[in-house]
Amino acid sequence: MRVMPFFFVLFLLAAPVAAREAPLPPAQAFAMSYARKGDEVRLRWVMPKGYYLYREHITAADAQGRTLNVRTPNATLKADPTFGPVEVYYGTARADIRHKGAITLSYRGCQEDGLCYIPIRVVIPAR
Amino acid sequence: MITRRHMLALGAATAAVPFSAAAQTDFPTLAEVTVDPDAPFIGNANGDLTIVEYFDYQCSVCKHAHFSLMDIVRADGNIRWMLRDWIIFGEVSTYAAQVALGAQTLGVYEQVSSALMRIPGGNLNKGDIFGALMQTGLTPADLLKAYRADQARIDALLARNARQAEGFGFSGTPSFIIGNAVYRGALSPDDMTQAIADARQRQKALSA
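As a starting point, this report considers the structure included with it. This is a predicted model, so every value here is computed, not measured. (Residues numbered from 1 in each chain as written. Chains lettered and ligands numbered in written order. Predicted model: local features only at pLDDT ≥ 70, side-chain atom pairs only at ≥ 80, totals over all residues.)

Our next topic: the overall build of chain B. Within chain B, the regular secondary structure consists of 9 helices and 6 strands. Evaluated residue by residue, chain B yields a buried proportion of 45% over its 208 residues. Of all intrachain contacts in chain B linking residues separated by at least 6 positions in sequence, the fraction that spans at least 24 positions is 74%. (Helix = DSSP H or I, 4+ residues; strand = E, 2+ residues; numbered from the N terminus. Buried ≥ 20, exposed ≤ 12 C-beta atoms within 10 Å, placed from the backbone. Contact = placed C-beta atoms within 7 Å.)

Residue and element names in this part refer to chain B. Every buried residue of helix H6 (residues 126-134) is listed here: Ile129, Ala132 and Leu133. An end-on view of H6 places all buried positions within 95 degrees of arc, on one side of the element. Residues of H6 that are exposed and angled more than 90 degrees away from the buried face: Gly127, Gly131 and Met134. The inward-facing, buried residues of H6 contact helix H4 (91-105), helix H5 (109-117) and helix H7 (140-149). (Arc of directions from axis to C-beta.)

Before going further, it helps to examine the packing of H4(B) against H5(B). Residues and elements named next belong to chain B. Two elements in contact, H4 and H5, have axes separated by 7 Å at closest approach and are oriented at 160 degrees. In terms of their interaxial angle, H4 and H5 are classed as roughly antiparallel. Taken as a pair, H4 and H5 cross one another with a handedness that is right-handed. Counted together, Ala96, Val99, Ala100, Ala103 and Gln104 of H4 and Tyr109, Val112, Ser113 and Leu116 of H5 form the full contact between these two elements. (Axes fitted to C-alpha atoms, helices over the stretch in contact; angles between N-to-C directions. Parallel < 35°, antiparallel > 145°, perpendicular 65-115°, else oblique. Left-handed = near helix turned anticlockwise from the far one by under 90°.)

Moving on: the nonpolar core. Ranked by size, the top nonpolar core spans 84 residues in total, and within it Leu53(A), Val112(B), Leu116(B) and Ile178(B) carry the most contacts. Ile178(B) has contacts with Ile51(B), Tyr183(B), Ala195(B), Ile196(B) and Ala199(B), leaving out every residue within four places of it along the chain. (Core = buried A, V, L, I, M, F, W, Y, C linked by C-beta atoms within 7 Å.)

As a further point, take unusual backbone geometry. The residue after Thr173(B), namely Pro174(B), is reached through a cis peptide bond having omega -5 degrees. The residue Pro174(B) is located in the loop between strand E4 (172-173) and strand E5 (175-178) in this model. At Asp113(A), a position not held by glycine, the phi torsion is positive, near 60 degrees. In this structure, Asp113(A) sits in the loop between strand E11 (109-111) and strand E12 (115-117).

In sheet architecture, strand pairing relies on hydrogen bonds along the backbone and comes in two forms, parallel and antiparallel. Residue and element names in this part refer to chain A. A sheet is described by the order of its strands in space; here 4 strands give the open sequence E5-E4-E10-E13, paired in antiparallel fashion. Edge positions in the sheet fall to strand E5 (67-68) and strand E13 (120-124), since each of these pairs with one other strand and no more. As judged from the 3 bridges shared by strand E4 (residues 59-61) and strand E10 (residues 103-107), these two strands associate in the antiparallel manner. Bridged to Ala60 within E10 is Leu105. (Pairing = 2+ DSSP bridges.)

What follows covers H7(B). An α-helix turns once every 3.6 residues. As a result, residues three or four positions apart point the same way. Residue and element names in this part refer to chain B. Buried within H7 we find Pro140, Leu143, Ala146 and Tyr147. Looking straight down H7, one finds its buried side chains confined to an arc of 130 degrees; they lie on one side. Facing away from the buried side of H7 by over 90 degrees, the exposed positions are Ala141, Arg148 and Ala149. In this fold, the buried residues of H7 make contact with H4, H5, H6 and helix H8 (151-168).

Here it is, written out as structure tokens:
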């Protein structure tokens, strides 16, 4: 029997609407912007309600792959009854990095009870 | 408001154009995803419905979703739940997958994967895994030995899982195929129960 490809059968879906919203694309879930002033790079994220960014997973490396120091403020302690406390940012997040060369930034977060995103990597060009 | 169902409908509509030219070959077929003797499963091997989950052992949402779905699968009794490791969080996730898939070759997959899913926290280290396995009477060394004995097959499975997840364009884990429908992200127990009922209805309609 020929198996029907997904794209075709998806047209036949008549599933009732699920209550939880579909996860946003990563760039909308964790909208990141930065400003560079000299060697100082200031990063900022804006997240819709229901999304959070892990403090410990905001990391940066230089062009040679060496870890750079990322300064981040204290975050909200997410009390998870099963998995214990973890520091996360809701709404907005910021971080500072001092480096004049190109920076490879990595960060990750989740939609509450929905989806944990693939780590996002962004290259910030040298000044 | 964009809902999961709306996203599905949008995905189908946007995917239809390239597919009409049969140009997009990365989008997996139902057979590729659901028929795979190498992929581990929990539940009823002859179940009338297959759920495929793409997950990572370091995904905190996956851990919550895992035991919720386990309860549903057990209560239902007629679901084949296929678990496809999609390693997105790095080296320790690879290690955990190797340990679990080594356990599969020894016939103790469910025991070991559940132990890994119970480890507190979103971040694992090898010590956590060792500790979790001690409670099962197994050691990572035993399971890695089993993995290495069948490494080519298991590595090919992991590569296949990643290709499929990327082919679907998933942004993260968990993501599901329930029957013939794609769901991005975890579902609440009520939504999962409804999705299962809907999938069975579609199967019935397609076979009528």
